[in-house]
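Listed below are the residues making up each chain.
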Amino acid sequence: MALKSNKAKMVIDKTFKISDVDSRIYGSFIEQLGRAVYGGIYEPSHKTADEDGFRQDVIELVKELKVPIIRYPGGNMVSAYNWEDGIGPRELRPKRLDLAWKSLETNEVGTDEFVTWAKKVNADVMMAVNLGTRGIDAARNLVEYCNHPGGTYWSNLRKENGFKDPHKIKVWCLGNEMDGSWQIGQKTAYEYGRLAAETAKAMKLVDPTIELVSCGSSGSGMPTFPEWEAETLEHTYDYADFISLHQYYGNRNNDTANYLASSLDMDNFIKTVIATCDYIKAKKRSKKTMNLSFDEWNVWFHSNDQDEKIEPWSIAPPLLEDIYTFEDAVLVGSMLNTLLKHSDRVKIACMAQLVNVIAPIMTETGGGIWKQTIFYPYYYTSVYGRGVALHSLVDSPKYDSRDFTDVPYLDQAVVYNEENDELVVFAVNRNLENQLLVDIDIRSFEGYKIIEHIVLENDNPKAINSIEYEQVKPHLSNKSYIENDILVAVLPKLSWNMLRLRKNEES
């Protein structure tokens, strides 16, 4: 990976606009899976538990991330879930076998409790309906229960359960990964498309203000991708507002250079789905543009072997508890950059998941809490990546890896927050051996000064965090500077960076 040149160039101009950034691209996901709910967000016996049984230490960290929307309750679990099991008096709720994860679901936390928790963390709920074992009737009833003001069976039942005002859930997923052989109630594209379209019609009759997400492929590697998107959209295009994308990456071959290039695959995935959507738009002579909901994305591979050893039918087993490395955090930063660069079409995205299960936040049941390595790029991008995404002109040295050609050492995204007079550059140096000097032309941002340059770096790509120690954490750099309208960004080898600039009030 030796560089022919250790310099790159960028041009940033405030007129090179991609799109306003929809804050919902910083969403996340909680599934009734493993310790995400029980021992994660909900633990009545914990010393920090509030009056509703929710861990306040978790609430504070989620609020710190400023997560705007959270997908619930699944995931694979939702494809055999009876939502009615999770409402009403807890002592009357049935225990069920969760076939997706071979666990025992107690249903102590259901729709009403999750909406209560989401309000505590200042997030909206993105609700998924079961189109695996169920369909139109259960979905329309759930919308009525959640959103209708009153005077009907389901809305009155919500009131009897202690929730006078409607939950006003505005985004709904029409099932989950219905193309997958692992899914309870797997469908063909035709079967899913017809069911999703008719379910969507009924749901919007109950509440015309809701937005709906049609299931896309379970990943870009599915043999039916992108034919699945094309065929299902033939049915759902007129009723859905988004189509979903799901993708996870892992360094299974211990090839860091190749692994760090995975965001190029994510970029190609997004472009292919956009092209497919636009083909159906043209075919239908539609004036409507289909947007994207990348509602599952992350690194996921560390826990695969461990999960096979979990005893089935236990309550809240430690499933999918990946312990993330520094290189995972760098890739997560690049994946966030990719979402920003497609903010004209990607309007919702959910890091999967939020607590304990492939998550930035980890807890000990009955104990403490800590931040995984991936917490930091997620935190900084969510907090400071609000505004208008800008298209930047980039000239970067490149490398080839096992699966990718012409991989830029510099991966970047730029956000301009006009209200705060702030320019934010998120930059990854993929080079494992050398720092990268980036000359950034910012002449259209005259009078802007560097407020901070945050760096996430570590000499060991496999470094991790734990409750005992934090090997991977951000620090401030004073090496970058501005000279003659050029921001010279000094990016350490293998690093994630955020450079935040603000207009000098005196200029």
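Our subject is the structure listed above.
Because the structure is a prediction, the values reported are computed rather than measured. Along every chain, residues carry numbers that run from 1 in the direction the sequence is written. Local features in this predicted model are restricted to residues whose pLDDT is 70 or higher, and side-chain atom pairs enter the listing and the counts only when it is 80 or higher, whereas totals over whole chains, interfaces and linings include all residues. Water and hydrogen atoms play no part in the side-chain values, which are based on all heavy atoms of the structure.

### Some points on helix 6 (residues 227-236)
The following threshold applies: Note on exposure labels: buried denotes an accessible area under 20% of the residue type's maximum, exposed denotes more than 50%, and partly exposed covers the range between, all computed with a 1.4 Å probe on protein chains only. Helix and strand definitions here come from DSSP, where helices need a minimum of 4 consecutive H or I residues and strands a minimum of 2 consecutive E residues; each element is numbered from the N-terminal end. We call two residues in contact when some of their heavy atoms are within 4.5 Å.
Burial of helix 6 is extensive: seven of the 10 residues sit out of reach of the surface. Of all the residues in helix 6, the buried ones are Trp-228, Glu-229, Ala-230, Thr-232, Leu-233, His-235 and Thr-236. On its buried face, helix 6 sits against helix 5 (189-206), strand 9 (211-214), strand 10 (242-249) and helix 8 (262-283).

### Considering the packing of helix 1 (residues 56-65) against helix 11 (residues 375-384)
What counts is decided by this rule: Axis definition: a line fitted to C-alpha atoms, over the contacting stretch in the case of helices. Angles run 0 to 180 degrees between N-to-C directions. Each angle is binned into one of four classes, with values under 35 degrees roughly parallel, values over 145 roughly antiparallel, values of 65 to 115 roughly perpendicular, and all other values oblique. In this count, Pro and Cys sit with the nonpolar residues alongside Ala, Val, Leu, Ile, Met, Phe, Trp and Tyr, while Asp, Glu, Lys and Arg are called charged and the others, Gly among them, polar.
Look at helix 1 against helix 11: their axes get within 8 Å of each other, and the N-to-C directions meet at 55 degrees. Taken together, the axes of helix 1 and helix 11 are oblique relative to one another. Residue-level contacts link Leu-61, Glu-64 and Leu-65 of helix 1 to Phe-375, Tyr-378, Tyr-379, Ser-382 and Val-383 of helix 11. Among the residues forming the contact of helix 1 with helix 11, the class breakdown is six nonpolar, one polar and one charged.

### Focus: the sheet that holds strand 1 (residues 7-11)
Note the following rule: For two strands to be treated as a pair, DSSP must find no fewer than two bridges joining them.
With mixed pairing, five strands are arranged side by side in an open sheet as 16-1-21-25-24. Where the open sheet ends on each side, the last strands, each with one partner, are strand 16 (393-395) and strand 24 (481-483). Between one strand axis and the next, the sheet turns through 20 degrees on average, direction left out of account. Pairing between strand 24 and strand 25 (residues 486-491): three bridges, direction antiparallel. Counted as the bridge partner of Glu-483 is Ile-486 from strand 25.

### Brief notes about the nonpolar core
Heads up, the rule is: We define a nonpolar core as any set of buried Ala, Val, Leu, Ile, Met, Phe, Trp, Tyr and Cys residues linked to one another through side-chain atoms lying within 4.5 Å.
Of all hydrophobic cores here, the largest spans 163 residues; its most connected members are Ile-12, Ile-41, Trp-117, Trp-172, Phe-294, Trp-297 and Leu-423. The element best represented in this core is helix 10 (residues 326-341), accounting for nine residues.

### So, the pairing of strand 1
Across the two faces of strand 1 the burial differs, with Ala-8 and Met-10 buried and Lys-7, Lys-9 and Val-11 not buried at all. Direction of pairing for strand 1 relative to strand 21 (residues 436-441): parallel, over a ladder of five bridges. Residue pairing in the sheet places Val-11 in a bridge with Asp-441 of strand 21. One ladder, built from three bridges, connects strand 1 with strand 16; its direction is antiparallel. Its bridge partner lying in strand 16, Lys-9 is registered against Asp-395.

### Focus on the packing of helix 5 against helix 6
To describe two helices that pack against each other, one gives the angle between their axes and the distance between the axes. Condition: Two helices that cross are described as forming a left-handed crossing if the nearer one is turned anticlockwise from the farther one by less than a right angle, and a right-handed crossing if clockwise.
At a minimum axis distance of 8 Å, the contact between helix 5 and helix 6 shows a crossing angle of 30 degrees. In terms of orientation, helix 5 lies roughly parallel with respect to helix 6. Viewed along their axes, helix 5 and helix 6 form a crossing whose handedness is right-handed. Touching Ala-189, Tyr-190, Tyr-192, Gly-193, Arg-194, Ala-196 and Ala-197 of helix 5 are Trp-228, Glu-231, Thr-232, His-235 and Thr-236, all from helix 6. Looking at side-chain class alone, the contact of helix 5 with helix 6 contains six nonpolar, four polar and two charged residues.

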